[in-house]
Every structure is written in structure tokens, then in C-alpha cells.
Amino acid sequence: GCTPVTFRQLALAGLVLDPARLRVCADGAGLIAGPRVAGRLVAPRLSGRIGQSPVTLAARSMGFAGTRLTLDQLAVRLGGPDRLSRLDVARLTGDAAGDGLAGRYEGAEGEIGRVPLRLFDAAGGWRLAGGVLALQGAVRLADTANPPRFNALSAADFALRLAGSDVRASGTLVEPRSGARVTRVTLTHDLSAGRGGAVLDVPEIRFGPTLQP
């Protein structure tokens, strides 16, 4: 069945969680069956910090079997309410990897602080070790400025790194249908100060000589 579990503090790979009370349900033979620990958390909601940055994590469910984790409908919020960064993930899997955790994610979307860009349709790999969260994979990027400055673009080499309060992301953006390279984007954001920005490096376009009639 299910039972409430509480903890005063939980620290893992640089992620430190505040006191919480969770509903843990056993799968199969029981929560602990010999050397195997397996079960699921029902609608977990946790708060804490990564480095000096406040973080909240919520999910519809989290399954675990040994060191293997599976989360559905994960919602991550980083920073204070006036400079919030968000990441919503349809499904995330992970396992112990060296001194941290690593795995895959799919169906992710989010925004970095006040940077007027939205990431969506993201999928790839992630790693959390030593208080540093790193994501890599493919993503689409839309402009949230009004009016928008460009149509949605795609990147196959998207990378995001969160270390303390410092967020950095980059990728080469292409036009989705033709695959034509449009720009190289670099995003930076300081969660503690609420400052950041985006640089769009557009390749130089060279034209041939003008033909005279």
C-alpha cells in the first residue's frame, strides 16, 4: 500500500531539499523486497536550492526502482518570483552516474528569467553533479516579444548549464523546413540578480557583383 514518509533534509549531487512529507506507494512485492527498493511517489512537491538558487520541483508521479528514477509531468521553477525561470518536462528518466545523476528527457519547454524567448519541443540528455545541472539535445525556439522578431526556429545542438545562480544556454538555430542556418544564439541569466540577455549572431551574407543592364 502507501505510507507517508518525511525527512528534515535531503542532499544529492548539489541539490539540497527542504523538509517535506511525501506519500510513498509500494510496487509489486513491497517497498523493500530483499535488496530491491521500488515504488512511486504520488504527486511529489519539493522545495530547496541548487547552489544559492531557490528551486521548487513538482510532478504528477515519480517512480523508482533501485537507483532508477522516472518522473511524469515534471515542473521545475528556479529563482525568485520576480525573476522566475521555468522548465516543464513531459517525461524524465534518470539513474546514478558516477558522482551524480544522469538520464533523458522529452517533451520539455521553458523560459529563462526575463529573456523574451521560449524553448519548446525539447528532448535530449541531462546530468546533475556537483551542484551543476547540464542539458543537451534538440529544441525549438520562439520569440515572445510583441511583435515577434522572428518565426520559430530549431536547434539540434542546444546546451544549457546551471551552476549556482548562473544560467547559460546556446545553440545553432536553423529554419525548420529547409535546414538553412539562421543564427547562433547565446543566452545568459543571473538568477540572483534577475539580469540576463540573449545574443543572436547572424552569419554575414555576401552578395555577388551587381549586373548592369
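Residues numbered from 1 in each chain as written. Predicted model: local features only at pLDDT ≥ 70, side-chain atom pairs only at ≥ 80, totals over all residues. Heavy atoms only, no water.

Peer 1: Any chance you could break down the state of the cysteines for me, citing the residues and the numbers?
Peer 2: This structure, assessed with the given rule, holds 1 disulfide. The disulfide partner of C2 is C25, and the gap between their sulfur atoms is 1.9 Å. What sets the handedness of the C2 and C25 disulfide is the S-S torsion sign, and at about 105 degrees it is right-handed. Of this pair, C2 sits in strand β1 (residues 2-7) while C25 sits in strand β4 (residues 20-26), and the two are 23 residues apart along the sequence. Taking the relative accessible area as the measure of exposure, C2 reaches 38% and is therefore partly exposed. Relative accessible area serves as the criterion here: at 1%, C25 is assigned to the buried category. (Disulfide = S-S within 2.5 Å. Helix = DSSP H or I, 4+ residues; strand = E, 2+ residues; numbered from the N terminus. Buried < 20%, exposed > 50% of the residue type's maximum accessible area, 1.4 Å probe, protein only.)

Peer 1: If you had to explain the nonpolar core to someone new, which residues and values would you point to?
Peer 2: It is characteristic of soluble globular proteins that their nonpolar side chains tend to be buried jointly. If you look at the biggest cluster of nonpolar residues, it comprises 47 residues, and the most contacted ones within it are Y105 and W126. Ignoring any residue separated from it by four or fewer positions in sequence, one finds W126 in contact with L92, T93, G94, L101, A102, G103, R104, Y105, L133, A134 and L135. (Core = buried A, V, L, I, M, F, W, Y, C linked by side-chain atoms within 4.5 Å. Contact = heavy atoms within 4.5 Å.)

Peer 1: Outline the packing of aromatic side chains, supporting the account with residue identities and numerical values.
Peer 2: Tallied over the entire structure, the rule returns 0 aromatic pairs. The positively charged end of R118 is found above the aromatic ring belonging to F120, 4.5 Å away from the centroid. (Phe/Tyr/Trp six-rings, centres within 6.5 Å; stacked < 30°, edge-to-face > 60°. Lys NZ or Arg CZ within 6 Å of the ring centre and 35° of its normal.)

Peer 1: Explain the side chain of S53 to me, using residue names and the numbers behind them.
Peer 2: Note on placement: S53 falls in strand β8 (residues 53-58). Relative accessible area serves as the criterion here: at 2%, S53 is assigned to the buried category. Aside from chain neighbours lying at most four places away, what touches S53 is G48, G164, S165 and L191.

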